[in-house]
Amino acid sequence: MEPLLKGPVLQGDRVRLEPLEHRHAPDLAAAAEEDRDPYRFTWVPRAGEVHDYIDQQLERHAQGRLAPYAQIDLATGRAVGATAFWDPRSLPDRGLYAIEVGFTWLAASAQGTGLNTEAKLLLFRHAFTAFGVERVDLKTDARNARSRAAIEAVGATFEGVLRNWSRSWAPGEDGRLRDSAIFSITRPEWLEVEAALEERLARISERADRT
């Protein structure tokens, strides 16, 4: 069995990332049902599927493949989405050198509020500092223009499209494979990306203070 991929609590000013547990299920069930239109290409459970969803994520965690999180909106104390460290890659003489940030979704009401930006900052910072990786990957369905724009907005570089890379989560496409758009941030880019994310969060705070 692979060693557990450990994801500690990560906290910012807007969001706290807590290791996913069944106690988050009621909030996540409500969050997932607010507006499902943004989830056209994303694996997001229906309200009645949340406990099974958490079980699946915890099973992946037990296999050493995933460190799942609930995203907690600090303004309300409620879980409004999920995210994860995923697909750790190691070398015998190097240890962990790359990891993916994925399985990310947010309630419609939490989108565009800065929570995603701060969550990515926390995850990236932990990956480069605590894990010591050389790159962080992000992937999405190549057709998902909204997700691709969000990934580019947090500073990741588009690398290309991996054809027939993984299963499709789009409705009506059970058993089909999707093309995946892959993005990354590498260690030489990290400090610049970090500064840009901090500046972006400061602008969001300034706008909120004026309203």
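This text gives an overview of the structure that appears in the document. (Residues numbered from 1 in each chain as written. Predicted model: local features only at pLDDT ≥ 70, side-chain atom pairs only at ≥ 80, totals over all residues. Heavy atoms only, no water.)

Some details on the layout of surface pockets
- In this structure, the largest pocket spans a volume of roughly 1100 Å³.
- Lining the largest pocket are 44 residues, with Thr42, Thr104, Lys139, Thr140 and Ser147 positioned closest to its centre.
- Counting residues per element, the ones that place at least two in the lining of the largest pocket are strand 4 (78-91), strand 5 (95-106), helix 3 (115-131), strand 6 (135-141), helix 4 (145-153), strand 7 (157-167), strand 8 (177-186) and helix 5 (187-210).
- If you tally residues by element for the lining of the largest pocket, the top one is strand 5, at seven residues.
- In terms of residue class, the lining of the largest pocket is built from 19 nonpolar, 14 polar and eleven charged.
- Taken as a whole, the second largest pocket spans an internal volume of roughly 220 Å³.
- Contributing to the lining of the second largest pocket are 13 residues, with Tyr39, Thr42, Trp169, Ala170 and Pro171 lying nearest its centre.
- Residue composition of the lining of the second largest pocket, by class: six nonpolar, three polar and four charged. (1 Å grid on protein atoms, 1.4 Å probe; cavity = no way out; pocket = protein on both sides within 12 Å on 5 of 7 lines; lining within 4 Å. Points joined across faces, edges and corners; volume = space filled by probe spheres on them. Helix = DSSP H or I, 4+ residues; strand = E, 2+ residues; numbered from the N terminus. Nonpolar A, V, L, I, M, F, W, Y, C, P; charged D, E, K, R; others polar.)

Regarding unusual backbone geometry
- The phi dihedral of Asp87 falls on the positive side, at around 55°, and the residue is not glycine.
- Within the secondary structure layout, Asp87 lies in strand 4.

Comments concerning the nonpolar core
- Membership of the largest hydrophobic core comes to 55 residues, with the highest contact counts inside it found for Phe85, Trp105, Phe124 and Val136.
- For this core, the element with the most residues is helix 3, which contributes nine residues.
- Residue contacts for Val136: discarding those within four places in its chain leaves Ile99, Val101, Phe124, Ala127, Phe128, Phe183, Ser184 and Ile185. (Core = buried A, V, L, I, M, F, W, Y, C linked by side-chain atoms within 4.5 Å. Buried < 20%, exposed > 50% of the residue type's maximum accessible area, 1.4 Å probe, protein only. Contact = heavy atoms within 4.5 Å.)

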